[in-house]
Amino acid sequence: MFGSVSRTVRLVLLLTPFAMSAFLILGSLMRAVLSGDFSGGGDFRVFYEGAVLFAQGRFAELYTPEQFIQLAGIVDINLWYVYSPVYARAWVPFSWLGMDSAWIVWTAGSVALIAATAAAASKRILPAAILAVTCAPAAMSLQLGQNAAVSAAIIAGSYLLARRGHLMAAGAELAILVFKPQIAVGLGVWWLADRRYRKAAWWALATATGIVAASWLIDGPAWSPYWTAVAELATIRGPTLQVSLMGFVDLLRPGWPVARVIGAGAGMALVAVFALWARSPRDPSIAFVVATAVTLLASPYVAMYDYLILLAPIAMLIDSHDVERLWLPATALSWTVLFSTAIAKAMKASFGFAIQLAPVALGAMLVALVLTLDRPGVASPSVDDAVGSP
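Definitions and limits used
Residues numbered from 1 in each chain as written. Predicted model: local features only at pLDDT ≥ 70, side-chain atom pairs only at ≥ 80, totals over all residues. Heavy atoms only, no water. Helix = DSSP H or I, 4+ residues; strand = E, 2+ residues; numbered from the N terminus. Rg over C-alpha atoms; globule rule 2.2 N^0.38 Å. Buried < 20%, exposed > 50% of the residue type's maximum accessible area, 1.4 Å probe, protein only. Contact = heavy atoms within 4.5 Å. Areas by Shrake-Rupley, 256 points an atom, 1.4 Å probe, with all protein chains shown as cover. Patch = residues over 30% accessible without salt bridge, like charges linked within 9 Å, V, L, I, M, F, W, Y side chains within 5 Å. Salt bridge = Lys/Arg side-chain N within 4 Å of Asp/Glu carboxyl O. Axes fitted to C-alpha atoms, helices over the stretch in contact; angles between N-to-C directions. Parallel < 35°, antiparallel > 145°, perpendicular 65-115°, else oblique. Nonpolar A, V, L, I, M, F, W, Y, C, P; charged D, E, K, R; others polar. Arc of directions from axis to C-beta.

1. With respect to the overall build of the protein chain
Part 1: Along its length, the protein chain carries 20 helices and 0 strands.
Part 2: Scaling as 2.2 N^0.38, a compact globule of 390 residues should have a C-alpha radius of gyration of about 21 Å, and the protein chain matches this with 21 Å.
Part 3: Viewed in the frame of its principal axes, the protein chain has a C-alpha envelope of about 55 × 50 × 45 Å.
Part 4: Counting across all 390 residues of the protein chain, residues that qualify as buried make up 51%.
Part 5: Within the protein chain, residue pairs in contact and separated by at least 24 positions form 74% of the contacts whose partners lie at least 6 positions apart.
Part 6: For the protein chain, the accessible surface area stands at approximately 17200 Å², while carbon and sulfur atoms represent 70% of it.

The structure is reproduced here in structure tokens:
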């Protein structure tokens, strides 16, 4: 039935959400950048005001939701600060700039980072960069002032280093995700399971431990209120931005105490299956996509803009494989990523529960990818040379 659909029609169906996100989301953002006005991105304001309080050593106020919201002048009661002192310390230089200037620097840097990540991952440099910046997760991240561009660049850079046999450097770079460790789950588990990459995994763990230890020594008083804030965040149920398996179940049954446990169990089961799958040498580009998809499905908290970490894996997969047979699940994922949150919010407002479609579409894409392209036992020469033969 779908095999008769022309390639042009397939591309139009696949890429229309990119054009829509550019028009609907990036248009207002560009006007704000050109006018030099702060766009009001809620997450950026949280990062900026948090950096100001952190620089002043006001850790208790930073990590107490009610006090932070009042001091930062934030209307949304859910926009309180939950990032670790590692991230807060890294953001302090932005507090030296005014709000508008800091936002323009952060937004311009994010755009450049997204484009550079796509260009580094693909042989089709210009089209990849354009599509990367206009995809819905990128547009959402830029609109909110989020840090998804940083996560995507770290994931891509660490993997590219590993592919070239630079395992120590790959692990050290991945460890930077200590500010958002759930985004490193898939790559870390893959590297631990696959003997070829295990050295990178251990270096990532060691470097992350060193970063946290250094932060503890430098900003020790900030860590106790931080853990209190994290414990409070964990009690919040059913946020509509959540697009992992845990979020899916939590939204579907928001009043059911066992829902979150079931979602967490499903995520851990997926990670266990993935670890078994990754023990056999796999085609690296396919394993990279699978590891990233597993991360987004299994991590305890993932928002839609975090889907930007799929950027480099998908670009590499398109360069190295015939992916025509995956056009239908890819198209479904493309449309779903753009509208999933809006649908979930409308459902929750109307019915008190919601079906977050993004994890469903991503799961279907993951299954289709493995069934269609996966071939066990594919070696990665550069890595094999680096770690030696068995």
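After presenting the structure, the write-up continues.
2. Digging into a nonpolar patch on the surface
Part 1: On the surface, Leu252, Phe339, Ile343, Phe351, Phe353, Ile355 and Leu357 cluster together into a nonpolar patch covering about 550 Å² of accessible area.
Part 2: Top element by residues in the nonpolar patch is helix 18 (residues 327-351). It accounts for 3 residues.
Part 3: Within the fold, Leu252 resides in helix 14 (residues 245-252).
Part 4: Look at Leu252 and you get partly exposed, because its relative accessible area is 31%.

3. Considering the pattern of salt bridges
Part 1: Tallied over the full model, the rule gives 10 salt bridges.
Part 2: For the salt bridge of Arg196 with Asp194, the shortest nitrogen-to-oxygen distance reads 2.7 Å.
Part 3: On the basis of relative accessible area, Arg196 is assigned to the buried category, the value being 2%.

4. Quick look at the packing of helix 12 (residues 198-218) against helix 13 (residues 220-233)
Part 1: Taken N-terminus to C-terminus, the directions of helix 12 and helix 13 make an angle of 110 degrees; their axes are 5 Å apart at the nearest point. Of the possible angle classes, the one that applies to helix 12 and helix 13 is roughly perpendicular. Contacts between helix 12 and helix 13 involve Val212, Ser215, Trp216, Leu217 and Ile218 from the former and Gly220, Trp223 and Trp227 from the latter.
Part 2: In terms of residue class, the contact of helix 12 with helix 13 is made up of 6 nonpolar, 2 polar and no charged.

5. Some details on helix 4 (residues 65-72)
Part 1: Every buried residue belonging to helix 4 is among Pro65, Phe68, Ile69 and Ala72, and all of these are buried. Buried residues in helix 4, looked at end-on, bunch into an arc of 100 degrees, giving them a common side. Away from the buried face of helix 4 by more than 90 degrees, exposed residues Glu66 and Gln70 are located.
Part 2: At the exit of helix 4 stands Gly73, carrying a positive phi of roughly 70 degrees.

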